[in-house]
Amino acid sequence: MHLGALFIASHVLTSGSVRETARRFQLSPSTVSTAIHNLETELAMTLTERASGELATLIASGRVLEGLEPIMAAISELGQWVGHDGAGAEIDEAWTSRIPVKIVTMERFLEVADQGSINRAARRLRLGQPQLSLQLANLEKFLRHRLFERQAQGSVLTEEGRRTYQIFMAISQAWNDLKSSADERYRRTARSLRIGSIIPTGSESWVARCLGSLVSEWNARRNNNAISLVSMTADDLREALKNGRIDVAILDSVFGLESFRHRELLQTDMVVIAPPDSTETSVADLVAGHPICMPSPRTGLGHAAMAFSYERAPNRRLRGQDITAADSLPVIVDLVANHGYVSFLGRVSAMPIADKVRIVDLDEHLPMSYHVAFNHRKAAADACTVIIEAAARITSEAVVKTAAVA
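Right, let's walk through the structure included here. Note that the structure is a prediction, hence the values are computed from the model and not measured.

On to the overall build of the chain, then. Of regular secondary structure, the chain possesses 16 helices and 13 strands. Within the chain, the fraction of its 406 residues that count as buried is 47%. Within the chain, residue pairs in contact and separated by at least 24 positions form 71% of the contacts whose partners lie at least 6 positions apart. As displayed, the chain offers around 20000 Å² of accessible surface, 50% of which is attributable to carbon and sulfur atoms.

The subject of this paragraph is the environment of H371. Examined against the element boundaries, H371 turns out to sit in strand β13 (residues 367–374). H371 sits in the buried class, given a relative accessible area of 6%. Residues within four places of H371 in sequence aside, it is in contact with A249, I250, L251, S253, V254, L257, H262, R263, E264 and L265.

What follows is about helix α6 (residues 103–115). Helix length check: α6, at 13 residues, gives a terminal C-alpha distance of 18 Å against a target of 18 Å (1.5 Å per residue), a fit within 8%. Where α6 is concerned, the buried positions are I103, T105, M106, R108, F109, L110, E111, V112 and A113. Trailing α6 by a residue or two, G116 shows a phi angle of about 70 degrees, which is positive.

Of the residues making up helix α14 (residues 329–339), those classed as buried are L329, I332, V333, L335 and V336. Viewed along the axis of α14, the buried residues span an arc of 160 degrees, placing them on a single side of the element. Structurally, α14 contributes buried residues whose contacts are with β8 (261–274), β9 (292–295), β10 (323–326) and β11 (343–346).

With that out of the way, let us pick up the packing of aromatic side chains. Within this structure, the stated rule accounts for 5 aromatic pairs. Where W206 meets Y370, the ring centres are 5.0 Å apart and the plane angle is 75 degrees; that geometry is what we call edge-to-face. Of this pair, W206 sits in helix α10 (residues 206–220) while Y370 sits in strand β13; the two residues are 164 residues apart in sequence, bridging distant segments of the chain. Judged by its relative accessible area of 2%, Y370 falls in the buried class. An aromatic cluster of at least three residues, connected via ring pairs, comprises F109, F148 and F168.

Procedures and definitions
- Residues numbered from 1 in each chain as written.
- Predicted model: local features only at pLDDT ≥ 70, side-chain atom pairs only at ≥ 80, totals over all residues.
- Heavy atoms only, no water.
- Helix = DSSP H or I, 4+ residues; strand = E, 2+ residues; numbered from the N terminus.
- Buried < 20%, exposed > 50% of the residue type's maximum accessible area, 1.4 Å probe, protein only.
- Contact = heavy atoms within 4.5 Å.
- Areas by Shrake-Rupley, 256 points an atom, 1.4 Å probe, with all protein chains shown as cover.
- Expected span 1.5 Å × (residues − 1).
- Arc of directions from axis to C-beta.
- Phe/Tyr/Trp six-rings, centres within 6.5 Å; stacked < 30°, edge-to-face > 60°.

Here's what the structure looks like:
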């Protein structure tokens, strides 16, 4: 990371615009985007995101801007000292945005100054002396000042070198403060075991209870890997597992798991959930007399429900526009329990909420299965074993067998 890129990234976080920054500093938008991306990479955190084609700064960017303030002040002092403060703000900013001095080069300069010898600094940095000498020469050329007096006993800072030392030390200390937070976040992320699951119907659902059992048992063992939990749709879970954002996924479909290690978690069948005060006894009558809220097609359950709807009710308004799709199972349960809707769930998910809704069997048995997929980490495989054991305890053999023959 070089100082010009830090200056560019700071302005993007302040202005919230890549294009405005590019125009102001007479740079290409790609150069500005690269600067903010490199800062995000160095700090191991997301600072911006694009929404409807516009750049939006996230809450974390405010803390980073505060951390960048002493660096920006030191860069401004550097510009004044080198002589780029008298031609107007625009020219000064254009020059500042192009400062090629890398942070690693500054730290090597500081090491030479502290050691008082290029030879000793090169050994400590595990660099060749010619390489280090060339970097210092290029730094002196850019700053247009001699920084060291080469003497028989070593290298001594000149007056200009001492001023450079103060500026670079302020930048280095502020940058290390920012990086130390990033390094700790990285260590926590590296240790963390990230579990993703389909969205539970509520705190009483078998998914929520499985995850609760996992966390409790995992922490009781004082495992070195802390657990983090996230809920999302089956499509999102597969994508997150693929790109490494999660280590374990609990899904309501086996679709798309061919490239992952996975195990069957439990088997059940699909049922209709209806308002508690409804009187219809057949699925056809329930569908005819109530609005419908389907699980989203992005979920495995939604895929199965939609396939059932199209195959078995071709003349019904299931093909119409009065079907609400939702990713949130708690919302679906509330619509059924309190607003007269009907929907579809796996029996194992419907049974814990039997006091809130009516459970109606389909005319034909439609089997469903839940799976747990995981990556190569041993901790991920261990977590899967705990999840499977917890699912077996919670749903019980009797419930699973009943669902299989219903």
